[in-house]
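Here is what each chain is made of, one letter per residue.
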Amino acid sequence: MNESELELAPLRLIVALAAHGTVTEAAASLHLSQPAATHQLRRLERQLGVVLVERRGRGVALTAAGRATVARAVRALAELAGLGDDLRALAGLQAGEVRVGGGTTATIHLLPGLIATFRRRWPGVGFFVREAGTPELLAAVAAGELDVGVVGLPAAHRGVAIAPWLDDPVVFIGWPGAPLAGRPFKPARLTDAPFIHASAGSPIRATVEAGLFAAGVAPRTVMALESVEAIKACVAAGLGYAAVSARAAARDLQEGRLVALAPRGLALSRRFGLALREGAAPDAAVRAFLDVLRSPPDAG
C-alpha cells in the first residue's frame with residue numbers, strides 16, 4: 001500500500017468512530033450517510049490490509065490495529081490543521097508586533113536592514129527593539145518580555161534556547177596617524193600599548209582578550225566602555241587602540257575617521273546567536289521574522 005494514497009476522509013471517519021462508538025453516530029458527526037461511512041471504513045481497511053473494527057452488540061470496537069491507526073490519524077490531522085492555520089496566518093499578517101533585542105552592533109548594524117526586509121513584505125507588523133547587554137537580553141527572553149534576542153556567544157541562561165546564527169569579524173582599529181597604523185606589525189607591538197576595551201563580561205571583550213592572550217600580548221587597558229560607539233569615538237580622539245566588530249567600524253574606516261590595524265596572525269571573530277524562550281510557541285509574525293533572520297543578506 002502506498003501511504004501517499006491515503007485520503008483524509010477515512011482518517012477523519014476512524015477518529016470519529018473511536019469517539020462515538022457506532023458507525024451511525026460517527027457518520028452523522030461528519031454529515032455522511034451510514035452506507036457512505038461504511039464504504040470509507042472498508043476502503044481504509046483494504047488499503048491498510050488490516051481489520052480496524054469489530055462489531056460489539058449495536059456498536060463497534062477498535063481492534064489493536066484500529067487503535068494504532070486512530071493514534072496516527074489524530075496526529076496527522078492535527079499537523080495538517082496546524083499547517084493550514086500557519087499558512088492562513090502568514091498570508092494574513094496584517095497586524096502584530098515582534099519584540100527583539102540585541103547589543104549595539106546588532107541593533108545599529110544588523111537588525112535595521114533585516115527589519116526593513118521583513119516590513120517590505122509585511123508592513124502591518126510593528127517592532128519593539130531593545131538595546132541591552134547579553135545578560136539583560138537573556139533575562140528578558142526568559143521572562144517573555146522579548147520574542148528574540150541577538151546575543152554574543154558563548155551565552156547561556158536557564159529557560160532559554162540559544163542557536164548559533166552568524167559570525168562577526170573583529171577588526172583592530174586606531175586613529176589616523178597612529179604609530180601602529182599603515183603597515184602590518186608583530187602583535188608584540190601591542191604590549192603596553194594603550195587599549196580601550198569593551199566592558200568586562202561582554203562577549204566581544206572575552207573574544208579579544210582570549211585572542212590577545214593566545215598571542216602572548218598584554219596591552220595596557222586605559223578605558224573600558226559599554227558602547228561600541230563610545231569606543232570608536234575615543235579611538236578616533238587618539239586615546240587608545242581597540243578591537244571592535246568590523247560591521248560597527250565599516251563606515252568610520254571608509255570615511256577615514258578610523259584606520260584598520262594589521263597585527264599579523266590576530267584574525268579574530270566572534271559569533272552571534274539567536275535566543276528564544278524554551279517551550280514558547282512563537283506566533284506567525286515571530287516565525288516569519290525568524291525566517292528572515294535565518295537567511296540574512298549579509299551573513300559573512
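Residues numbered from 1 in each chain as written. Predicted model: local features only at pLDDT ≥ 70, side-chain atom pairs only at ≥ 80, totals over all residues. Heavy atoms only, no water.

(A) Main features of the pairing of strand β6 (residues 160-174). The pairing of β6 with strand β11 (residues 269-277) spans nine bridges and is classified as antiparallel. Bridge pairing links Pro169 to Ser269 in β11. Taken together, the two bridges between β6 and strand β10 (residues 259-260) define a ladder with antiparallel strand orientation. For Gly174, the partnering residue across the bridge sits in β10 and is Val259. (Pairing = 2+ DSSP bridges. Helix = DSSP H or I, 4+ residues; strand = E, 2+ residues; numbered from the N terminus.)

(B) Layout of the nonpolar core. Within the largest apolar cluster, 32 residues are counted, with the highest numbers of intra-cluster contacts made by Phe172, Ile173, Leu190, Leu212, Ile231, Tyr241 and Val244. Elements that contribute at least two residues to this core include exactly β6, β7 (194-198), α7 (203-214), α8 (228-236), β9 (242-245) and α9 (246-254). If near-sequence neighbours (up to four positions away) are discounted, Ile231 is found in contact with Ile196, His197, Ala198, Leu225, Ala242 and Val244. Counting residues in hydrophobic clusters, the runner-up holds 26 residues, among them Ile115, Leu166, Phe289 and Leu293. (Core = buried A, V, L, I, M, F, W, Y, C linked by side-chain atoms within 4.5 Å. Buried < 20%, exposed > 50% of the residue type's maximum accessible area, 1.4 Å probe, protein only. Contact = heavy atoms within 4.5 Å.)

(C) Structural context of a nonpolar patch on the surface. On the surface, Leu8, Leu80 and Leu83 cluster together to form a nonpolar patch covering roughly 240 Å² of accessible area. Locating Leu80 in the fold gives a position in helix α4 (residues 64-91). (Patch = residues over 30% accessible without salt bridge, like charges linked within 9 Å, V, L, I, M, F, W, Y side chains within 5 Å. Areas by Shrake-Rupley, 256 points an atom, 1.4 Å probe, with all protein chains shown as cover. Salt bridge = Lys/Arg side-chain N within 4 Å of Asp/Glu carboxyl O.)

(D) Just the packing of helix α5 (residues 104-121) against helix α10 (residues 284-293), in detail. One way to put it is that α5 packs onto α10 with a least axis distance of 10 Å and a crossing angle of 120 degrees. Considered as vectors, α5 and α10 are oriented oblique to each other. The handedness of the crossing between α5 and α10 comes out as right-handed. Contact residues: α5 offers Leu111, Leu114, Ile115, Thr117 and Phe118, while α10 offers Ala285, Ala288, Phe289, Val292 and Leu293. Among the residues forming the contact of α5 with α10, the class breakdown is nine nonpolar, one polar and no charged. (Axes fitted to C-alpha atoms, helices over the stretch in contact; angles between N-to-C directions. Parallel < 35°, antiparallel > 145°, perpendicular 65-115°, else oblique. Left-handed = near helix turned anticlockwise from the far one by under 90°. Nonpolar A, V, L, I, M, F, W, Y, C, P; charged D, E, K, R; others polar.)

(E) Quick peek at the pattern of salt bridges. For the coordinates displayed, the defined rule picks out 12 salt bridges. Among the salt bridges present, the one from Glu209 reaches Arg205, with a minimum N-O distance of 3.0 Å. Of this pair, Glu209 and Arg205 are both found in helix α7, four residues apart, which corresponds to roughly one turn of the helix. Note that Asp252 and Arg257 form a salt bridge whose closest N and O atoms lie 3.0 Å from each other.

(F) Local environment of the packing of helix α1 (residues 8-20) against helix α3 (residues 34-48). α3 packs onto α1 with a crossing angle of 105 degrees between their chain directions and a minimal axis gap of 9 Å. Classified by the interaxial angle, the pair formed by α1 and α3 is roughly perpendicular. Residues Ala9, Pro10, Leu11, Leu13, Ile14 and Leu17 of α1 pack against Ala37, Gln40, Leu41 and Leu44 of α3. For the contact of α1 with α3, the residue count by class is nine nonpolar, one polar and no charged.

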